[in-house]
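Chain by chain, the residues run as shown.
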Amino acid sequence: MSTLNSLLSKNQQRTICSQLGSVKLKLLYKATVHGFTGAAFHQRCDNQSPTVSVGYNASGYVFGGHTKQPFSQSGQYGNDDQAFLFGLTGGILQKYPVTNSPYAIRMMANCGPYFGEDLVLVHGSQPVTYSNPQNYYNFNPAQMHGNDLNLTECEVYLVEESTEFEKPWRNVIWETGKRKELMESIKNFKPSDSSVSQARVLLIGQVGAGKSSFFNSINSVFRGHVTSQAISGSSPTSLTTQFRTYSVRDGRGGKPLPITLCDTMGLEDSKGAGLDVDDISSILKGHVPDFYQFNPAAPLHAEVQGYRKSPGVKDKIHCVAYVIDACKVSIMPTKLEEKLEAIRRKVNLLGIPQLVLLTKVDEACPLVKQDLRNVYKSGYIQDIMQGVSTKVGVPLSCIVPVRNYSGELELDLNCDILLLSAVIQMLRFADNYFDELSDRLGSTELKD
């Protein structure tokens, strides 16, 4: 028989593989070739493991499941604590782990891949899907398969070990000497505007994305040990309630570095909660004083104590960094996307450069969790970054993945290099701001 042609694109295969480690997929069963029957499925797939089963429907949905248990026709359940269902949309995989592992899969003779009592592909030897969530897997049927239960194709892949890694799509030197070089570059940075001693970078992001943790992590790198100055942690609402400006010092008692990180309330998707979009303009223009207490119900006004009525260039924001959780890009609420778009428009009008800090990349991709140096080898992380580029409206070159310190007690070289590289990008972008300001106003007006 001729070689089977996979309906999964290379990018889709890469995205699925990113959840399973260093592996590749080998197509075993294709329903349109072998038949939409339980017998055809079992003939090709029994005693093969681990597997990934994929269903396709006319509505364009791609979905399925993974199990390390080999299929059979025994009628029994199979225990698998690593099993999961998934939906694949726009290069992003939404994962639904098994909630009751002894019932992860079932070995039914007249059906195709049978996950608990929740999802069955080729049900009853028919080109249909059986879908009944929340027995052993929790998933949203409309999100996973659009409630279209008619299959146009079903494929089952064998998961095979692979020692092949993709060529890095960004080159990074993961060495101690590089960390030292990056730290020296940051220490020696001087804003091109002589009236400014520190580049001011505004961190904007969803609650829990890691804004405060980013400052703590940068501070840790220069302190030489993990430290926590800004309030950070897990909470459904913003732990940051004030406008705070954090100056990083070169070691304990050292002089301030030429960068100030400005922290804000987290963004929330509901109206009247989290950072008010109207406050952003005041922050960008330099009106907001340090320690200003945010009020989500009412934006800042000129009568507030400490309000700067005539801010100088040194008071303004010189670069905006959107902090986005890599694990939540695919489920970003529409209202939050709209808030980001509104903010981006305000930032654009003021000519302020923008970049994205993509946090928690190790949690999003097992390959990266295994080794942080895989971050620029991971096609899955690249796909997430493409999604962020579309949602936030910034070029891919303006997105930098990082991993903040959270549970560690000691510093990690690879983590430091990503963090420091992000700061270097911020300083470069701030320089772009000063250059643009000089072009617009003329160098003699910069101190006005």
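Positions within a chain are numbered from 1, following the residues in the order the chain's sequence is written. With the structure being a predicted model, the display of local features is reserved for residues of pLDDT at least 70 and the display and counting of side-chain atom pairs for 80 or more, all residues being used for whole-chain, interface and lining totals. The side-chain values count all of the structure's non-hydrogen atoms but skip hydrogen atoms and water molecules.

(A) Quick peek at helix α8 (residues 334–349). Helix length check: α8 (16 residues) gives 23 Å between terminal C-alpha atoms against 22 Å at 1.5 Å per residue, within 8%. Per-residue accessibility, obtained with a 1.4 Å probe over protein chains only, is compared with the maximum for each type, and a residue is labelled buried under 20%, exposed over 50%, and partly exposed between these values. Secondary structure counts use DSSP, requiring at least four H or I residues in a row for a helix and at least two E residues in a row for a strand, with both numbered from the N terminus. Regarding α8, the residues found buried are L336, K339, L340, A342, I343, R344 and V347. We call two residues contacting when some pair of their heavy atoms lies within 4.5 Å. Close packing links the buried residues of α8 with β12 (199–205), α7 (277–284), β16 (319–325), β17 (354–359) and α11 (379–393). One less than the number of residues in a helix, times 1.5 Å, gives the span that helix is expected to have.

(B) How the structure looks around the packing of helix α1 (residues 10–17) against α11. Here α1 crosses α11 at 110 degrees, and the two axes come no closer than 8 Å. Comparing the axis directions of α1 and α11 gives the class roughly perpendicular. You can see that α1 and α11 cross each other, and the crossing is left-handed. Across from N11, R14 and T15 in α1, the residues of α11 making contact are G379, Y380, Q382 and D383. Side-chain classes follow a simple rule in which Ala, Val, Leu, Ile, Met, Phe, Trp, Tyr, Cys and Pro form the nonpolar group, Asp, Glu, Lys and Arg form the charged group, and the remainder, Gly included, forms the polar group. For the contact of α1 with α11, the class distribution of residues is 1 nonpolar, 4 polar and 2 charged. Between the N-to-C directions of two axes lies an angle of 0 to 180 degrees, each axis being a line fitted to C-alpha atoms and, for a helix, fitted only over the stretch in contact. Here the angle decides the label: under 35 degrees means roughly parallel, over 145 means roughly antiparallel, 65 to 115 means roughly perpendicular, and every other value means oblique. With the far helix as reference, a near helix turned anticlockwise by less than a right angle produces a left-handed crossing, and one turned clockwise produces a right-handed crossing.

(C) Spotlight on the pattern of salt bridges. Here, a salt bridge means any side-chain nitrogen of Lys or Arg that lies within 4 Å of a carboxyl oxygen of Asp or Glu. Going through the model one piece at a time under the given rule, you end up with 19 salt bridges. Across the pair R344 and E341 runs a salt bridge whose closest N-O atoms are separated by 2.8 Å. Of this pair, R344 and E341 are both found in helix α8, 3 residues apart, which corresponds to roughly one turn of the helix. Since its relative accessible area comes to 17%, R344 is described here as buried. By relative accessible area, E341 is classed as partly exposed at 26%. Here the residues in one salt-bridge network are K30, E153 and E155, joined through shared partners.

(D) Molecular detail of the confidence of the model for the protein. For the protein, mean pLDDT is 88; residues scoring 70 or higher make up 90% of the total. Confidence scores here are pLDDT values: one per residue, from the predictor, ranging 0 to 100. In the predicted structure, residues 232–239 sits below a pLDDT of 50 and forms 15 contacts with residues beyond four places in sequence or in another chain. Every residue in residues 443–448 scores below 50 in pLDDT, and together they form 8 contacts with partners more than four places removed in sequence or on other chains.

(E) Local environment of the packing of aromatic side chains. In summary, the pairing rule links any two rings of Phe, Tyr or Trp, Trp by its six-membered ring, whose centres are within 6.5 Å, and it sorts them by plane angle into stacked for under 30 degrees, edge-to-face for over 60 and tilted for everything else. All chains considered together, the criterion is met by 11 aromatic pairs. Ring centres of Y29 and F41 lie 5.8 Å apart, and the angle between their planes is 75 degrees; on these two criteria the pair is classed as edge-to-face. One end of the pair, Y29, is in strand β1 (residues 23–30); the other, F41, is in helix α3 (residues 38–45), and 12 residues separate them in sequence. When its relative accessible area of 0% is taken as the criterion, Y29 is described as buried. On the numbers, 5.1 Å between centres and 85 degrees between planes, the contact of W169 with Y376 is edge-to-face. Within this pair, whereas W169 is found in the loop between β11 (151–161) and α5 (176–187), its partner Y376 is found in the loop between α10 (366–370) and α11, the two being separated by 207 residues in sequence.

(F) Examining the side chain of S389 more closely. On the secondary structure map, S389 appears in helix α11. Judged by its relative accessible area of 16%, S389 falls in the buried class. For this analysis, a polar contact is any N or O atom pair within 3.5 Å, provided that within protein one partner can donate a hydrogen and the other can accept it, and provided that sequence-adjacent residues contribute only side-chain to side-chain pairs. Among the polar contacts made by the side chain of S389, one reaches the main-chain carbonyl oxygen of V394 at a distance of 2.6 Å. Other than its neighbours up to four places away in sequence, S389 contacts V394, P395, L396 and I399.

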